[in-house]
Amino acid sequence: MTKTTADILAAASSAALRTPELAAELDAADDLASLRGEFILPTNASIGASLAAQSRPNESCTYLCGNSLGAMPKRAETLVREELGVWATQAVEGHFKHALKRDWLTAADLTHPTLAQLLGAEESEVVCMGTLTANLHLMMNTFYKPTAGRNKILCEARAFPSDQASPTLPSCINYAFASQAIAHGLDPKEVVIELSPRSGEFYLRNEDVLDAIEQHGQALALVLFPGIQYYTGQAFDMPAITKAAHSQGAICAWDLAHGIGNLELHLHDWEVDFAVWCSYKYLNAGPGAIAGLYVHRNWDEKERPRHAGWWGHELATRFQMPPHFKPIPGAQGFQQSNPSVLTIAALLGSLEVFKAAGGMGPLRRKAVTLTLYLERALQASTRFVRPEEAASYPDTGNPAFTIITPADPQFRGSQLSLLILPVSRHELMEQVFAAMLARGVLGDERRPNVIRLAPTALYNTFEECRYAAVALDEAFDTIEH
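Since we're looking at a predicted model, the values are computed, not measured.

Asks: Lay out the sheet that holds strand β9 (residues 274-277) with the relevant residues and their values.
Replies: Pairing within the open sheet is mixed, and its seven strands lie in the order β4-β10-β9-β8-β7-β5-β6. Each edge of the sheet is formed by a strand with only one pairing partner; in this case those strands are β4 (126-128) and β6 (192-195). Here the average twist between neighbouring strands, direction ignored, is 15°. Note that strand β8 (residues 251-255) and β9 share three bridges and pair parallel. Among the inter-strand pairings, A253 is bridged to a residue of β9, identified as F274. Strand contacts of helix α5 (residues 112-119): β4 and β9, with the helix running at about 125° to β4, the strand carrying the most contacts.

Structure (C-alpha cells):
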C-alpha cells in the first residue's frame, strides 16, 4: 500500500525532520506536486536574495507569501494575453462575438461554477464582482438593519485595517463597521463589540465567541468574523458560530479573504447569510484582482439589491435598458457595473488550476500536512519558545521565536505566524526577515514583530518548508553574531 505524505510525516523521527532525505520522500509522495509547474515563481535574483542569488540566481525563491499575494498561474498569463488580443483585433465586438467564445457580456459567469464549488454554494448564490471592501459595504447596506433594541455588531478586535482601526476613532473600531454605524446615526463605540484574546493568549477561543453571542443575544444585529484571521492564521469554527448567531436572530456573515482557496467551505449547508472575499491571495488572480460575494438563496425573495446597477438587471433585456430594474435572481442581481474582463481572465486561469487539482478536498489535505511539516521543522529549532512561555520571555533573552497560530490543524489555514522574541526589541523582526530574504525565503512581515509564512498547496514543496526552517536558524545566527 502506497504511503501518503501524512503517513510518512507521522512516522518520521525528530532527528529526521530537517533532513533533505525526508523532504525529498515527502515531495515524491505528493500527488499534487505537478501543479507547481502551472505557476511562474519569482527567482532568487528577481527578489534580491543577495546570498542565494550568488549561487542560484535563476532558481525559484522559496515563496511563502501566498496569503498576501498568490503566485502567478501560467494559465492566467495566457488568458490575459488572449483577451488583450481580442481587444486589439475585435474591439467592441468582443462583448458579443468573442473569437474564443468567451463573450465579455457573460465573462463573469464563467467563474461562477468553480467559485461555487470552492465555497460550497449553489451557483446562483455566487457572483464575481467588485472589490472586497466595496462588496462588504454593499452587503452591510443590505443586511445591517439596526433597531433600537437590536443594533450591535459583533466582530474581532484584530480585524484587517479595512475592517478596523478607524483613524477618526480612538479605539480599534472596524473601518467598515464604524462607517456603517455612523450612517445609521449610531455611535460605533456603543454598537460595535470587539472581541480580543484572553490575557496572555494570541488568538480568540471559539468558545469565547459563542459565549459573547449568547451574552449579547437579542441585541445582536450582525455577527461578522473572518474565516481565517489574517495576523495569526486562526480558522474560526464557522458552522458553530453561524448556528449560534442565528439562534439569537442575528445575521451571520464571513470575510473570506484568507478563507477561499484555503479551507474547505460549505456556506450553503451552514446557512451563512452572506460572505465576501478577494481573489489575489489563495485564489492567485493577481494584484487588485476582482473579488466576489455570496448570498444564501434563503434571501432571494426577501432582499432586493438596494443599490441597483444595470449589470445586475436580467440579461435578456439588459441592453434594452427598460425603466424598471428587474434583478437577476440570487447574488448576481447585486452586480452594478460591467466587470473588468482582464481581471476575470486572470481569475479564470487560476480557477482552471483548482479544477485540475480536483477541488479543495485534495488541496486541503496537502495543505494540512505541508503546514504541519513546516511547524515541526520550525519547532526543532533551538530558538523555538513554546507559546505558553512566550508571554514571560525576558527582554534580556537571546533572539528567539514562538508560533502564535493554533496548533490544531482544524483551526488554522495554510499559515504559521512567528512572533519574534523578545517582543520589546522591534528591530529583530526586520533583521530576521532581511536575513531570510537574503537566503531566498520570502514571507510576509507584520510590524512590529511577526513574520507570516504561508505554505501553499498549489505550488510550495516540502523541501521549501525544510529550507525555510533552516534559513530561519541561519538568520538568527547572523543577527546574533
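Asks: If you had to explain helix α2 (residues 20-28) to someone new, which residues and values would you point to?
Replies: Every buried residue of α2 is listed here: L22, A23, L26 and D27. Taken around the axis of α2, the buried residues stretch over an arc of 135°, which confines them to a single face. With respect to the buried face of α2, the exposed residues turned more than 90 degrees away are E21 and A28. Packing partners of the buried residues in α2 comprise α1 (5-11), α13 (360-379) and α16 (462-480).

Asks: Just give me the short version of the UniProt feature "modified residue: N6-(pyridoxal phosphate)lysine" (unreviewed entry) in the chain, but keep the residues and values in it.
Replies: The UniProt feature table records "modified residue: N6-(pyridoxal phosphate)lysine" (unreviewed entry) at K281. In this structure, K281 sits in the loop between β9 and β10 (292-295). Once you skip the residues sitting within four places of it in the chain, K281 turns out to touch G66, N67, S68, L69, G70, A257 and H258. A polar contact is formed between the side chain of K281 and the backbone oxygen of N67, at a distance of 3.5 Å.

Asks: Break down the UniProt feature "domain: Aminotransferase class V" (unreviewed entry) in the chain for me, with residues and values.
Replies: Residues annotated in UniProt with the feature "domain: Aminotransferase class V" (unreviewed entry) correspond here to residues 218-391. In this annotation, residues 218-391 is assigned 32% helix and 11% strand; the end-to-end C-alpha distance for the span is 36 Å.

Asks: Which residues make up the environment of S247, and what values do they have?
Replies: Looking at the element boundaries, S247 is found in helix α10 (residues 238-247). Each C-alpha atom, one on S247 and one on G217, is 8.6 Å from the other, the two residues being 30 residues apart in sequence. Within the structure, S247 has its side chain in polar contact with the backbone oxygen of A244 (distance 2.5 Å).

Asks: How would you sum up the domain arrangement of the chain? Please name residues and give values.
Replies: Taken domain by domain, the chain holds domain 1 (5-60 + 359-480) and domain 2 (80-357). A C-alpha centroid distance of 30 Å is found between domain 1 and domain 2. The interface is formed by 32 residues belonging to domain 1 together with 26 residues belonging to domain 2. Carbon and sulfur atoms supply 63% of the area that domain 1 and domain 2 bury against each other, a total of about 2400 Å² over both sides. When the buried surface of domain 1 facing domain 2 is broken down by residue, M360, I404 and F411 rank first, second and third, together holding 25% of it. Scanning the region where domain 1 abuts domain 2 turns up zero salt bridges.

Reading the values: rules and limits
Position labels on residues start from 1 in each chain and follow its written sequence. It should be noted that, the model being predicted, local features are given only for residues of pLDDT at least 70 and side-chain atom pairs only at 80 or more, the latter also being counted only at that level, while totals for whole chains, interfaces and linings use all residues. Think of the side-chain values as coming from all heavy atoms in the structure, minus any hydrogens and water. Whether two strands pair depends on DSSP finding at least two bridges between them. Helix and strand assignments follow DSSP, with helices taken as H or I runs no shorter than four residues and strands as E runs no shorter than two, numbered in order from the N terminus. Axis angles are defined between N-to-C directions and span 0 to 180 degrees, where every axis is a line fitted to C-alpha atoms and, for a helix, only to the segment in contact. In this description, contact between two residues means that some pair of their heavy atoms is separated by no more than 4.5 Å. Categorising residues by exposure relies on relative accessible area from a 1.4 Å probe, with only protein chains included: less than 20% of the type maximum marks a residue as buried, more than 50% marks it as exposed, and the intermediate range marks it as partly exposed. Comment: arc refers to directions from the helix axis out to C-beta atoms. UniProt positions are given in the numbering used here, feature names are shortened, and annotations may be inferred rather than shown by experiment. Definition of a polar contact: a pair of N or O atoms within 3.5 Å, with one able to donate and the other able to accept a hydrogen when the atoms are protein atoms, and with sequence-neighbouring residues admitted only if both atoms are side-chain atoms. Marked domain ranges trace back to an automatic or database domain assignment. Take the accessible area each of two parts loses on contact, using a 1.4 Å probe, and add the two losses: that sum is the buried area. One speaks of a salt bridge when a side-chain nitrogen belonging to Lys or Arg is within 4 Å of a carboxyl oxygen belonging to Asp or Glu.

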